[in-house]
Amino acid sequence: MSEAKREVRATDKRSLPLAVRALNGYGRAVRRVRPRHGRLNADALADKAQESAKLDDFGPDGWQEGLEILVDSINDEGNLSQLGRMMLTGLLDSTLQLRLRVFDWVKQHPEAGREEIAAPIIVTGMPRTGTTLLSNLLDLDPQNRSLLGWESAAVAPPPTLSSHREDPRIAESVKGSGRLARLAPSVQAMHPMAATLPTECVTLLGGAFKSVHFETQGTFDSYGAWFETCDMVPAYQFHRLCLQVLQSTIPTQRWALKTPGHMWHLDTVYAVYPDARVVWTHRDPIKVVGSVASLNCTLHATNTDQVDFARVGRAWRDKCLHGIAAGTEFRDRRGSDDTVFDLQYAEFMDDPVGSVERIYRHFNMEFGDLGRRRMAAWMEENPQERFGRHRYTLDDFGLFADEVREQFAHYTDRYEVPSET
């Protein structure tokens, strides 16, 4: 069967390598005797990060609350496997070290904190609505700069023009992507990623321990509920500080950023970036909910002893509903506003480059011939199913199309989203 026709479904634990299954079996056996074995501790994680980075200043207080709630939720609700505990420990350690290194760099280079982040393009919308493709295309415009996969965890020290494509940290990022590919090879078909391609800026928000990307690693209900209503200003201030650090060594005309999570906090996006140009992508929720549930089940399977597909499906359906409600409520409060451009997935997939041109026209930005040609060439080289075809049904996650359609009816009516079914 050809690569383009290969079908991909959510992973279960039986597809994990034998060594990983043995490791997880060992962890389960130990926890039967010592139930608290492998539990994470927020203070111990912070101490370890300081020791590893040889730094001690985490910047302004407030980040501790998110870390503590997340750790408690991981311990009490995550049902993590032995590998999952190791993976989450590594993720939290790298996030803490990111924070330490950013604040240390700004302390040593205060001019970085004076960089102006002007009129960034911010792509958002429900997950699985074309935001990744749009982000990849925007990065091909020489006027734009995207956050690259390897940069997202290696903000400081920032790369320079001469090292941007050859920094040794790129190789470390490639190794990390390789480990995920071995554990969950189907992820590339669902969500293509690479060290030198644009990535979501959730890692930067995670530096304040206020980010949805933690929930892609497992089902952490308490943290998720807290995250929906927490004060996001410190997270976006750290987000901006990271961009300032990166921009201080590579002059940047305009940032092009993306993550679905921005949709949930548009009020804070505009509070920190008042001249932001937001692109909100829209797609049939029947397709979105099934796809995002499938992706998260696959990711959860690498970290948990058993994935509850129905629980994951309900959780991400509800997250999508919350994001739409929060974003729409903000836009209603803001009133008539041309700083948000609504992009239909169907129109985007039918004419990707033409859709980018419409975005630029809406925001009165110049769309140069070089950027247009590069985008067209990229589309020729990267067909949609290059890494395989992602297959899923709502039934896999205990959800029913008629119910989901009714639950999202206000959204599809409000934004005139066409059905794909």
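Attention here is on the structure that accompanies the text. None of the values given here were measured: they were computed from a predicted structure.

Observations concerning the overall build of the protein
No. 1: Looking only at helices and strands, one finds 18 helices and 7 strands in the protein.
No. 2: Sorting the 421 residues of the protein into buried and exposed places 55% on the buried side.
No. 3: Carbon and sulfur atoms provide 50% of the accessible area of the protein, an area that totals close to 18700 Å².

Looking at the nonpolar core
No. 1: Formed by 87 residues in total, the largest nonpolar core has its most connected members in Leu92 and Val102.
No. 2: Looking at this core element by element, the count peaks at 9 residues for helix α4 (residues 82-108).
No. 3: Setting aside residues up to four positions removed in sequence, leucine 92 forms contacts with Leu40, Leu45, Leu67, Leu70, Val71, Ile74, Phe209 and Phe214.
No. 4: Counting residues in hydrophobic clusters, the runner-up holds 21 residues, among them Val123, Leu343, Met365 and Trp378.

Structural notes on the sheet that holds strand β6 (residues 340-344)
No. 1: Strand order across the open sheet formed by 5 strands is β3-β4-β2-β5-β6, with parallel pairing between neighbours. The outermost strands of the open sheet, each flanked by one partner alone, are β3 (144-145) and β6.
No. 2: With 5 bridges connecting them, strand β5 (residues 277-282) and β6 associate as parallel partners. Note that in β6 the partner of threonine 281 across the bridge is leucine 343.
No. 3: Lying over the sheet, helix α5 (residues 131-139) contacts β2 (121-125), β3, β4 (254-258), β5 and β6, oriented at roughly 165° with respect to β2.
No. 4: Running over the sheet, helix α13 (residues 309-334) touches β5 and β6 and is turned about 135° from β5.

Here we look at unusual backbone geometry
No. 1: Here alanine 156 and proline 157 are connected by a cis peptide whose omega angle stands at -5°.
No. 2: At asparagine 79, a residue that is not glycine, the phi angle is positive and equals roughly 50°.
No. 3: In this fold, asparagine 79 is placed in the loop between α3 (63-77) and α4.
No. 4: Not every positive phi belongs to a glycine, and asparagine 364 is a case in point at roughly 55°.
No. 5: As for its placement among the helices and strands, asparagine 364 is situated in the loop between α15 (352-362) and α16 (369-381).

A few points about empty space enclosed by the protein
No. 1: Within this structure, the stated rule accounts for 1 cavity of 30 Å³ or more.
No. 2: Of the voids in this model, the largest cavity is the one considered here, and its volume is about 30 Å³.
No. 3: Residue lining of the largest cavity: His282, Arg283, Asp284, Gln344, Tyr345, Ala346, Val417, Pro418 and Glu420, and that is the complete set.
No. 4: By residue class, the composition of the lining of the largest cavity is 4 nonpolar, 2 polar and 3 charged.

Quick word on the pattern of salt bridges
No. 1: Scanning the entire structure with this criterion turns up 18 salt bridges.
No. 2: Salt-bridge contacts for glutamate 151 lead to arginine 145; the nearest nitrogen and oxygen are separated by 3.0 Å.
No. 3: The class of arginine 145 is buried, set by a relative accessible area of 8%.
No. 4: Of the charged contacts, one joins lysine 319 and glutamate 215 as a salt bridge, the two residues approaching to 2.3 Å between their closest N and O atoms. Of the two residues, lysine 319 sits in helix α13 while glutamate 215 sits in the loop between α8 (202-206) and α9 (221-229), which places them 104 residues apart along the sequence. Judged on exposure class, the residue lysine 319 and its partner glutamate 215 are both buried.

Section: the pairing of β4
No. 1: Within β4, 5 of the 5 residues are buried, leaving the element largely enclosed by the surrounding structure.
No. 2: On β4, burial covers both faces: Arg254, Ala256 and Lys258 on one face and Trp255 and Leu257 on the other are all buried.
No. 3: Here β2 pairs with β4 via 3 bridges, running parallel. Along β4, the bridge assignment pairs isoleucine 121 with alanine 256.
No. 4: As defined by bridge partners, β3 adjoins β4 across 2 bridges and the pair is classed as parallel. The residue bridging arginine 145 from the neighbouring strand is tryptophan 255, located in β4.

Each value, and the rule that gives it
- Residues numbered from 1 in each chain as written.
- Predicted model: local features only at pLDDT ≥ 70, side-chain atom pairs only at ≥ 80, totals over all residues.
- Heavy atoms only, no water.
- Helix = DSSP H or I, 4+ residues; strand = E, 2+ residues; numbered from the N terminus.
- Buried < 20%, exposed > 50% of the residue type's maximum accessible area, 1.4 Å probe, protein only.
- Areas by Shrake-Rupley, 256 points an atom, 1.4 Å probe, with all protein chains shown as cover.
- Core = buried A, V, L, I, M, F, W, Y, C linked by side-chain atoms within 4.5 Å.
- Contact = heavy atoms within 4.5 Å.
- Pairing = 2+ DSSP bridges.
- Axes fitted to C-alpha atoms, helices over the stretch in contact; angles between N-to-C directions.
- 1 Å grid on protein atoms, 1.4 Å probe; cavity = no way out; pocket = protein on both sides within 12 Å on 5 of 7 lines; lining within 4 Å.
- Points joined across faces, edges and corners; volume = space filled by probe spheres on them.
- Nonpolar A, V, L, I, M, F, W, Y, C, P; charged D, E, K, R; others polar.
- Salt bridge = Lys/Arg side-chain N within 4 Å of Asp/Glu carboxyl O.

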